[in-house]
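Each chain, written out:
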Amino acid sequence: MDANIVSTDRLTKRYGEHIAVDQVSLSVRRGEVYGFLGPNGAGKTTTLRMLLGLVKPSGGSALVHGMVPGSPDSLRRTGSLVEGPGFFPYLSGLENLRVIAQYRGLGRGEAEEALERVELASRGKDRFRTYSLGMKQRLGVAAALMGRPDLLVLDEPTNGLDPAGMASMRRLIQDLSEDGQTVLLSSHLLAEVQQFCHRVGVVVGGRLAYEGTVSDLRGARMLKVHAEPIEKAVQVLTGTATGEVELTDDEDGRTVLAADADGIDVPTLVRGLVASDIDVHSVSVSERSLEDVFLTMTEAEK
Ligand code: ATP
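Residues numbered from 1 in each chain as written. Predicted model: local features only at pLDDT ≥ 70, side-chain atom pairs only at ≥ 80, totals over all residues. Heavy atoms only, no water.

**Student:** Which parts of the structure should I look at to understand the overall build of the protein?
**Tutor:** A count of helical and extended segments in the protein gives 11 helices and 14 strands. Residues counted as buried form 46% of the 302 residues belonging to the protein. Long-range contacts, defined as pairs at least 24 residues apart, comprise 68% of the intrachain contacts of the protein with a sequence gap of at least 6. Of the roughly 15100 Å² that the protein leaves accessible, carbon and sulfur atoms contribute 48%. Averaging the locations of the 33 positively and 42 negatively charged side chains of the protein gives two centres separated by 10 Å. (Helix = DSSP H or I, 4+ residues; strand = E, 2+ residues; numbered from the N terminus. Buried < 20%, exposed > 50% of the residue type's maximum accessible area, 1.4 Å probe, protein only. Contact = heavy atoms within 4.5 Å. Areas by Shrake-Rupley, 256 points an atom, 1.4 Å probe, with all protein chains shown as cover. Lys, Arg positive; Asp, Glu negative; His and termini not counted. Charge placed at Lys NZ, Arg CZ, Asp CG, Glu CD.)

**Student:** Where do I start with the layout of surface pockets in this structure?
**Tutor:** Regions of empty space are outlined by a rolling probe, equal in size to a water molecule, passed over the atoms. Quantified by volume, the largest pocket comes out at close to 840 Å³. Residue lining of the largest pocket: 29 residues in total, with S80, I100, Y103, R104 and A143 positioned closest to the centre. Of all elements in the fold, only helix 2 (72-76), strand 6 (78-81), helix 3 (93-103) and helix 5 (133-145) reach the threshold of two or more residues within the lining of the largest pocket. Taken as a whole, the second largest pocket holds about 170 Å³ of empty space. Considering the residues around the second largest pocket, the lining is formed by E110, E113, A114, R117, L145, M146, G147, R148, L176, D179 and Q181. Element by element, the count of residues in the lining of the second largest pocket is highest for helix 4 (residues 109-117), at 4 residues. Among the residues making up the lining of the second largest pocket, the classes are represented as 4 nonpolar, 2 polar and 5 charged. (1 Å grid on protein atoms, 1.4 Å probe; cavity = no way out; pocket = protein on both sides within 12 Å on 5 of 7 lines; lining within 4 Å. Points joined across faces, edges and corners; volume = space filled by probe spheres on them. Nonpolar A, V, L, I, M, F, W, Y, C, P; charged D, E, K, R; others polar.)

**Student:** What is the right way to look at the site of the ligand in this model?
**Tutor:** The local shell around the ligand consists of Y15, H18, A20, P39, N40, G41, A42, G43, K44, T45, T46 and E156. In the environment of the ligand, an oxygen atom lies 2.8 Å from a nitrogen or oxygen atom belonging to the backbone of G43. T46 places a polar side-chain atom, nitrogen or oxygen, 2.5 Å from an oxygen atom of the ligand. Contact with the protein chains removes 59% of the 630 Å² of surface that the ligand exposes when unbound. It is helix 1 (residues 44-51) that provides the largest number of residues to the shell around the ligand, a total of 3 residues. (Near = heavy atom within 4 Å. Polar contact = N/O pair within 3.5 Å; in protein donor to acceptor, adjacent residues only side chain to side chain.)

**Student:** What is the right way to read the pattern of salt bridges from this model?
**Tutor:** Note on pairing: side chains with opposite charge can pair once their charged atoms come close. Evaluated as defined, the whole model comprises 14 salt bridges. Among the ionic pairs, D262 bridges to R221, the shortest N-O distance being 3.3 Å. Of this pair, D262 sits in the loop between strand 13 (255-260) and helix 10 (266-275) while R221 sits in the loop between helix 8 (214-218) and strand 11 (222-228), placing them 41 residues apart in sequence. Overlapping salt bridges, with partners in common, bring together E110, E113 and R148 in one network. (Salt bridge = Lys/Arg side-chain N within 4 Å of Asp/Glu carboxyl O.)

**Student:** Any chance you could explain the sheet that holds strand 7 (residues 151-155) here in plain terms?
**Tutor:** Remark on secondary structure: sheet strands pair via backbone hydrogen bonds, oriented parallel or antiparallel. The sheet built from 6 strands is open, its strands ordered 6-7-8-4-9-10 with mixed pairing. The open sheet terminates on both sides in strands that have one partner only, identified here as strand 6 and strand 10 (207-213). Averaged over all pairs of adjacent strands, the angle between strand axes in this sheet comes to 15°, irrespective of strand direction. The strands touched by helix 5 within the sheet are strand 6 and strand 7, with strand 6 carrying the most contacts at an inclination of about 160°. (Pairing = 2+ DSSP bridges. Axes fitted to C-alpha atoms, helices over the stretch in contact; angles between N-to-C directions.)

Rendered as structure tokens:
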């Protein structure tokens, strides 16, 4: 079986002169949670819609389950939440799912099961219009889950949710992932997805600027040491660090030492500093957040 459940090759969408998606080649592996990231207007929704056969590409190609997107067989194995979920306000959550199940030719038990899966069973008999935004989103995921598709495509599943709603959606996606579900989701909230995506693709201005793991995207971790006397500390750290040791200012305006944290064993370093009669005030290892990385990419694009 192909390890990739989705793969695209220079997938492109033009609207007149405007290129919404520009030669995007990405791959989503079976069993992973793939975060498709980018600022508003970057081309995420258009790409996802092409993968669902809702938008016709202007160029390039895509395979979903090894098939042309939008083919009945491909759609049968794909659950999606792409546009705001369209539910009947005066029907309950359960009734809404039953309507969808019936229309898709699924068994009656599917609706109950999906509702359980998204932890909405206790509110299943309440009317949709009484649901919070988070519950509405979860019902949308429940609808996508019915029929147990191999792949879930979720466009901005945390959009508009409050922190509690986001946390609940995050848990749901993590649970689905633990059960082996492949999830392709888009988001412009990088901090949200960096915690649970196995790999990410970053799209900026229609182009795929990066694809890989979150840790590779963030790059090197930085070690910062606040110690005195600083000149002596430079000598100790220079003997330990593999890369260059620099002097820099921290957030409080103090001069600190900075070096690539990889390969440095912090306890050994601290023992070395203390043995050289150096006062160690603080040692920290900082990682760039995805937001930082993302801003750099967006700036570079301008
Ligand atoms: P958002 O986070 O705001 O949903 P996005 O990354 O999903 O953004 P898209 O919705 O894919 O971005 O839009 C990409 C670009 O294509 C935007 O500039 C948008 O205005 C344009 N676009 C999308 N659909 C159409 C359309 N039907 N006709 C013309 N332009 C379009």
